[in-house]
Amino acid sequence: MMSILTVPVPDSLKTGPRILNISRSATQSYILCIGNNAFLHEVAGRCEERILVAQHHQAARSILREQLMLDRKPVFVICNLSAGMDPRTYLTLVRSFNETRDTPFFVYTETLDAKKKQELRSVGGIDQVFTAGFSADVFFSKVKATKKIKELAKSSRQKEVRSFNLGGMLNYCLKRTLDISIAATGLLVASPLLLAIAAFIKLESRGPVFYISKRAGQGYKIFKFYKFRTMVAGADKQVSQMSHLNQYEANSTGPVFFKVSNDPRVTRFGAFLRNTSLDEIPQLLNVILGDMSLVGNRPLPLYEAASLTTDSYAGRFLAPAGLTGLWQIKKRGSKEMSVDERIRLDIEYAEKHSVMFDMWILANTPTALLQKDNV
């Protein structure tokens, strides 16, 4: 383990030396810290990389240029918002180098209110936000998952082989045309219903109307996923406390899925939205944007996608992400479904998917919309 020198940053460093190396480790890998290193006090002793701290834009650029010349890329970059650093400026800097376009970019802030959260969302490209008081276990878990997803997405892009045969092109064009036309029409027709649902959500509980999270879709592509909020605000923070209620088998060495039957975090109106699948309507926007298709495998939260990295599981990411799919029409709402069974159905769709197969799934989707169990 590396040792961290808890050295205060003197004023002279802001006008004198541009780079502060606070690690005694001889390892070639490093973490780029923008602003002071207060957040590292939570994880000191478990981090093996060197820590290079930049107090301003010029120092950060110098570090990246110097290290990239030595063929060294940062493991991740973390920007200390509480030190007055602008994340947008530094994210642009990191992404300006070809070698660091896929480097995870994190933000640390002492406090995170609704206004600041919205500001960070508007930046785009921030992978994780950490606040004061987080545990080292949470930190390393999120860092590991983010790094894995980034690596898989990059690998998928590099290995992607596009089929230019006439049949493949016609199939893609027809599928995309159907996606856009049906999704756009659906949003237009459902607009009065969407407004009514939004009003009911705001009346029942505090919090935003929409639930927005990062998901991994086809080829591990990461995108913002939209749906109506059906849980109490802050429900994501309660996942670790409810792991014993997970309907999937808990297996730390295998793939991870999380689903709770009769989830206590779900609001009363949220339960109605889930059971009727009305909470999924905003995903029509994802379809129009090209992140998803009407039919495909469900896009997964990053921590779930990060656990499906072996050859036997990764095949499910060859198919488009979708609103509905083979798993939904065969096993939606089933308490008896295992992780392997769900993945098998995803892989089956990935191997068979075509416009005709999609039409068959769409035709069978209405009967699967009204699920019996609140999951």
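Residues numbered from 1 in each chain as written. Predicted model: local features only at pLDDT ≥ 70, side-chain atom pairs only at ≥ 80, totals over all residues. Heavy atoms only, no water.

Visitor: Even after reading the chapter, I still don't get the side chain of Asp291, so can you show me in this structure?
Guide: The residue Asp291 is located in the loop between helix H8 (283–289) and strand S9 (293–295) in this model. Among all residues touching Asp291, those that are not within four sequence positions of it are Lys221, Phe223, Lys224, Asn286 and Ala321. (Helix = DSSP H or I, 4+ residues; strand = E, 2+ residues; numbered from the N terminus. Contact = heavy atoms within 4.5 Å.)

Visitor: Before we go on, may I ask you to explain the pattern of salt bridges in this structure?
Guide: Pairs may arise between side chains of opposite charge once their charged atoms sit close together. Under the definition given, this model contains eight salt bridges. Taken together, the salt bridges that share partners define one network made up of Arg344, Glu348 and Lys352. (Salt bridge = Lys/Arg side-chain N within 4 Å of Asp/Glu carboxyl O.)

Visitor: Even after reading the chapter, I still don't get the side chain of Lys175, so can you show me in this structure?
Guide: Note on placement: Lys175 falls in helix H6 (residues 166–204). Ignoring any residue separated from it by four or fewer positions in sequence, one finds Lys175 in contact with Ser293, Val295, Pro320, Tyr349, Val355 and Asp358.

Visitor: Please explain helix H13 (residues 355–364) as it appears in this structure.
Guide: Turning to H13, its buried residues number three or more, namely Val355, Phe357, Asp358 and Ile361. Mapping the buried residues of H13 onto a view down its axis gives an arc of 155°, with all of them on the same face. Facing away from the buried surface of H13 by more than 90 degrees, the exposed residues are Met356 and Ala363. (Buried < 20%, exposed > 50% of the residue type's maximum accessible area, 1.4 Å probe, protein only. Arc of directions from axis to C-beta.)

Visitor: Please explain empty space enclosed by the protein as it appears in this structure.
Guide: Considering all chains together, one arrives at two cavities of 30 Å³ or more under this definition. In this structure, the largest cavity encloses a volume near 80 Å³. Forming the boundary of the largest cavity are Lys175, Leu178, Asp179, Ile182, Ser293, Leu294, Val295, Val355, Asp358, Met359 and Leu362. Going through the elements one at a time, H6, S9 and H13 are the ones with two or more residues in the lining of the largest cavity. What the second largest cavity holds in volume is close to 30 Å³. Surrounding the second largest cavity, Ala216, Gly217, Gln218, Asn297, Arg298, Pro299, Arg316, Phe317, Ala319 and Ala321 form its lining. For the lining of the second largest cavity, the per-class residue count stands at five nonpolar, three polar and two charged. (1 Å grid on protein atoms, 1.4 Å probe; cavity = no way out; pocket = protein on both sides within 12 Å on 5 of 7 lines; lining within 4 Å. Points joined across faces, edges and corners; volume = space filled by probe spheres on them. Nonpolar A, V, L, I, M, F, W, Y, C, P; charged D, E, K, R; others polar.)

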